[in-house]
Amino acid sequence: MQFPRISMPRALSLLARLSALLLLCGALAASPLRAQPPVAVPQDYEPSPAIWRLSDEDTTIYLFGTIHLLPPGFRWRSPLFDAIVEEADELVLESSTEDAAASLAAHESKYDAIGASRVPTSQQLSPAVRGKWRSLIESSGALFDEVDVLPLPLMAMGLGYTSVGQPSLSRPELGVESVLEAEFAAAGKPVGSIEDHGAVLLSLMRIDERALIGELEADLAHWGGKSPSGYHGAGAFLYEPETWQIEHDWARGVVGEEFDLGLGHGKLAAAFDNVLLAGRNRAWAGWLDARLEQPGTVLVAVGAGHFDGPRSVLAMLEARGLRAERIE
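All values derive from a computational prediction rather than experimental measurement.

The rules behind these values
- Residues numbered from 1 in each chain as written.
- Predicted model: local features only at pLDDT ≥ 70, side-chain atom pairs only at ≥ 80, totals over all residues.
- Heavy atoms only, no water.
- Helix = DSSP H or I, 4+ residues; strand = E, 2+ residues; numbered from the N terminus.
- Phe/Tyr/Trp six-rings, centres within 6.5 Å; stacked < 30°, edge-to-face > 60°.
- Lys NZ or Arg CZ within 6 Å of the ring centre and 35° of its normal.
- Buried < 20%, exposed > 50% of the residue type's maximum accessible area, 1.4 Å probe, protein only.
- Arc of directions from axis to C-beta.
- Pairing = 2+ DSSP bridges.
- Contact = heavy atoms within 4.5 Å.
- Polar contact = N/O pair within 3.5 Å; in protein donor to acceptor, adjacent residues only side chain to side chain.

1. Considering the environment of Gly266
Working step 1: Its place among the elements puts Gly266 in the loop between α13 (245-251) and α14 (267-291).
Working step 2: Separated by 54 residues in the primary sequence, Gly266 and Leu212 have C-alpha atoms spaced 8.6 Å apart.

2. Some remarks on the packing of aromatic side chains
Working step 1: Under the definition given, this model contains 7 aromatic pairs.
Working step 2: On the numbers, 6.1 Å between centres and 35 degrees between planes, the contact of Phe64 with Trp76 is tilted. Here the residue Phe64 occupies a position in strand β2 (residues 59-66), and Trp76 occupies one in the loop between β2 and α3 (79-87), the gap between them amounting to 12 residues.
Working step 3: Over the ring of Phe144 we find Arg134; its NZ or CZ atom is 3.9 Å from the centre of that ring.
Working step 4: Over the aromatic face of Phe184 sits the side chain of Lys189, whose NZ or CZ is 5.3 Å from the ring centroid.

3. Brief notes about helix α5 (residues 108-117)
Working step 1: Of the positions making up α5, those classed as buried are Glu108, Tyr111, Asp112, Ile114 and Gly115. Considered in projection along α5, the buried side chains sweep an arc of 165 degrees and stay on one side of the axis. Counted as exposed and oriented over 90 degrees from the buried face of α5: Ser109, Ala116 and Ser117.

4. Some details on the pairing of strand β3 (residues 90-93)
Working step 1: For β3 and strand β7 (residues 296-303), the ladder comprises 4 bridges, and the chain directions are parallel. When the bridges of β7 are listed, Glu90 appears paired with Val298.
Working step 2: Bridge analysis of β3 against strand β6 (residues 191-193) gives 3 bridges, and the strand direction is parallel. When the bridges of β6 are listed, Leu91 appears paired with Val191.

5. Thoughts on the environment of Thr66
Working step 1: Position of Thr66 relative to the elements: it lies in strand β2.
Working step 2: Spatially, the C-alpha atom of Thr66 lies 7.3 Å from that of Glu177, the residues being 111 residues apart in sequence.
Working step 3: Setting aside residues no more than four positions away along its own chain, Thr66 makes contact with Val176, Glu177, Trp250, Ala301, Val302, Gly303 and Ala304.
Working step 4: Engagement of the side chain of Thr66 in a polar contact is seen with the side chain of Glu177, the distance being 2.5 Å.

This is the structure:
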């Protein structure tokens with residue numbers, strides 16, 4: 001899923017707090033107090049990320065799995081991919097910047113209503129673990145008061161910006177979508193969206209949190225409360241040192257047998273999987289099926305995880321009697 005890339009003007013709006021949190025990665029990476037000198041990510045191979053082609057007599061849709069944030073200097077383009085970019089009449093993302101901004105604004109009153117009625121997470125936890133909850137959030141570099149008010153699914157999204165207390169080198173402006181959107185816009189080619197970004201965010205906010213709070217309580221109770229590296233609950237992977245193994249595998253064209261959201265196997269992971277993967281993959285397969293009715297050449301660039309596993313968008317297409325051929 002793409003993160004919002006806009007900030008709303010009203011400081012007390014839940015959406016403003018959410019946008020600020022989701023943009024925290026950029027702020028931390030740019031901070032002169034915390035930023036580290038750029039480090040080149042070594043690549044001893046020629047990139048060849050996976051590409052699929054879905055077509056009929058007058059329509060060609062290229063499917064390309066993306067990484068939303070990438071480190072400086074990371075190479076991911078192949079000659080075939082560049083040829084497809086040249087050939088394509090249109091780019092379709094999960095959500096374009098313009099569409100995402102409009103959608104978030106359209107749903108703002110609903111976000112605010114959910115935020116106004118939600119009891120902060122710390123008040124839903126027992127006194128025995130509230131201090132650990134604060135320590136966990138503050139160790140990520142995030143502002144506790146901003147995270148504490150967020151529904152837990154959004155909190156899990158918002159913490160993925162630091163690694164063992166250090167800013168991540170990966171940046172959204174270097175991610176595939178940002179690069180391609182700018183490139184197509186410069187060429188005068190349209191950029192569209194495969195879904196309503198604000199509606200997806202709303203679905204995450206509406207996940208029933210009662211079981212998730214109980215799971216978080218248990219995770220915090222088992223955590224010693226000192227080093228985040230010793231925390232083994234949902235989201236523990238966010239504190240592992242960056243190795244860029246996922247990025248390297250993606251750039252080499254590796255497609256996983258299953259997509260791991262990194263949230264473990266509990267209730268939070270199941271809720272995320274249902275909203276962010278299975279449901280969206282099914283809807284996207286329907287969109288692609290319908291798009292075949294319009295002639296032209298389209299490049300669809302969406303998160304690489306949506307092409308992994310038995311419930312991938314590829315599997316959803318096959319369930320509709322459509323087969324996307326892998327061409328790289």
